[in-house]
Structure formats: C-alpha cells, structure tokens
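In case you want the letters, here they are:
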Amino acid sequence: DAGITQSPRHKVTETGTPVTLRCHQTENHRYMYWYRQDPGHGLRLIHYSYGVKDTDKGEVSDGYSVSRSKTEDFLLTLESATSSQTSVYFCATRTGGYENNTQYFGPGTRLTVL
Amino acid sequence: QKEVEQNSGPLSVPEGAIASLNCTYSDRVSQSFFWYRQYSGKSPELIMSIYSNGDKEDGRFTAQLNKASQYVSLLIRDSQPSDSATYLCAVLNTGGFKTIFGAGTRLFVKA
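The shown structure was predicted, so the numbers you read here are calculated from the model rather than taken from an experiment.

Q: Honestly, the interface of chain A and chain B in this entry has me stumped. Any pointers?
A: Where interface size is quoted, it is often the accessible area lost as the parts come together. Each partner contributes residues to the interface: chain A has 22 residues there, and chain B has 22 residues. Summing the contributions of chain A and of chain B, the shared interface buries around 1700 Å²; its carbon and sulfur component is 55%. The tally of links between chain A and chain B comes to zero salt bridges. On inspection of chain A and its partner chain B, the count reaches four residue pairs in polar contact (both at pLDDT 80 or more). Among the secondary structure elements, those contributing two or more residues to the side of chain A that touches chain B are strand 4 (31-38), strand 5 (42-51) and strand 9 (87-94) of chain A. A per-class count over the side of chain A that touches chain B returns eleven nonpolar, eight polar and three charged.

Structural data, given as structure tokens:
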C-alpha cells in the first residue's frame, strides 16, 4: 500500500467556517488529487497537483482551494463551508506517466457541514 | 452526456456465476482504462488496467476493451460473496493528468 494518510478522518463543522483537510504521502509520488464522493456521482475531481506548487482545477473546484508546498503534503481548504460540501473526501496519488497511472487512495475524510 | 457512464445497479448474481460489468466513455482518443473496486466505507483500489483492444485476464477477472465502440467491461468468473462491492470504471484523459471515474456499479453476490 502507498503510504497515504488523511487528517482529520471525520469532521463536523458549521456553515461559514473554514476547513482544511490534509493529505500526506510517504511514496514521493509526483501527482496528487483531491476527490469528493457523493451517492450517485461517483468520484469527482476537485483539484490536482502535478508537482510542488503546481496545481490545477478539476470538475468541481468552486468553493475549494489547494496548496502543495512539499512533495508529501497536499492541503484542501474550504474557505467558507456550505452544506453542499458535506461529502466524503478522498486524496489519491500517482507516480506519473501513462504506464504508471495506478491511483492509490487514502482512507478518506467524512465531512459534515451543518 | 457524462464522460464515463456505468449502470448503477445493483447487479445481483448467485455465487459461482459470472458477473458482467459494463462502461462506456465519451473521449474517443482515450488510451488508458481502469477498474477499481470499492467496499462499503472503504477507499477504491485498482483491480485491472487495460490499454489495448481485446481481453486482459488476471485470475478470476477479465477486462475487455473495444475502442471503436468506446466500451470497457469487466467479467468476474466464479463470483464470490467477497466480490460484493461497488466497481468503478475509470478513464485517463487525453492530457494524461486526470482520471475520470464513472459513478460505479454495485454488485451483490448471493451465497
């Protein structure tokens, strides 16, 4: 297993508060991803990173920002949480290249916004 | 049209039967295709990848790819109750950075 941890694993917060989720990897993988998973929608990409300080938006990036200051850490921030952001958030990593596209997923963070 | 489409199921098969899971994708130039398995409350894990037209077998699993029809399938032979999970079809986009996932098919294998 790729060494991917996410923190916190569970969080309950109130509408309007900022929230930061952390993803930490020990595999030195170049690519890192943040997904959200909701019933009926599968995994939807929020943001991704293809290197330190190199990030780009996914399909559902509104209301989210990310930062990657080190290879091993990828932070996802909800600047002002809304109830529509209640979801399970997964971080994933990938080594790189077309031949190495296995994505390794972290255990997930369950976020509830009241 | 969604980029990757799957029947949400649930698909129910008896133990020992063949389970057939299907997926279609919209990007005609996609080259890399994947099946992930996700148990309830757990994170997805890769079970098969396929890059060329035809069949690829790994144990009880066979992935099938038909690029002309933009169709990917996963066959599970001798299905076991432990195969009960959600199966996610995924396609690497042409830029090579992003993997697009389908919504998943729930499979139940009845003992």
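Picking up where we left off.
Q: Could you clarify how one ought to interpret the pattern of salt bridges in this entry?
A: Any two side chains of opposite charge can pair if their charged atoms end up close together. Evaluation of the coordinates by the stated rule reveals seven salt bridges over all chains. We note a salt bridge from Arg60 of chain B to Asp83 of chain B, for which the minimum N-O separation is 2.8 Å. A residue pair is termed long-range when its members are at least 10 positions apart, and Arg60 of chain B in the loop between strand 6 (54-58) and strand 7 (61-66) and Asp83 of chain B in the loop between strand 8 (71-76) and strand 9 (85-92) qualify at 23 residues. Salt bridges sharing common partners tie together Arg22, Lys70 and Asp73 of chain A.

Q: Is there a simple way to explain the nonpolar core in this structure?
A: If you look at soluble globular proteins, the nonpolar side chains tend to sit buried side by side. By size, the foremost hydrophobic cluster in this structure holds 24 residues, and its most contacted members are Trp35, Val72, Leu74, Ile76 and Tyr87 of chain B. Beyond its immediate stretch of four places on either side in the chain, Val72 of chain B contacts Leu21, Asn22, Cys23, Tyr25, Phe33, Trp35, Ile50, Gln64 and Leu65 of chain B. In this structure, Leu76, Cys91, Leu111 and Val113 of chain A belong to the second largest nonpolar core, which totals 18 residues.

Each value, and the rule that gives it
Residues numbered from 1 in each chain as written. Chains lettered and ligands numbered in written order. Predicted model: local features only at pLDDT ≥ 70, side-chain atom pairs only at ≥ 80, totals over all residues. Heavy atoms only, no water. Contact = heavy atoms within 4.5 Å. Buried area = accessible area lost by both parts, 1.4 Å probe. Salt bridge = Lys/Arg side-chain N within 4 Å of Asp/Glu carboxyl O. Polar contact = N/O pair within 3.5 Å; in protein donor to acceptor, adjacent residues only side chain to side chain. Helix = DSSP H or I, 4+ residues; strand = E, 2+ residues; numbered from the N terminus. Nonpolar A, V, L, I, M, F, W, Y, C, P; charged D, E, K, R; others polar. Core = buried A, V, L, I, M, F, W, Y, C linked by side-chain atoms within 4.5 Å. Buried < 20%, exposed > 50% of the residue type's maximum accessible area, 1.4 Å probe, protein only.

Note that every value here comes from positions in space, so none of it alone points to a role or purpose.
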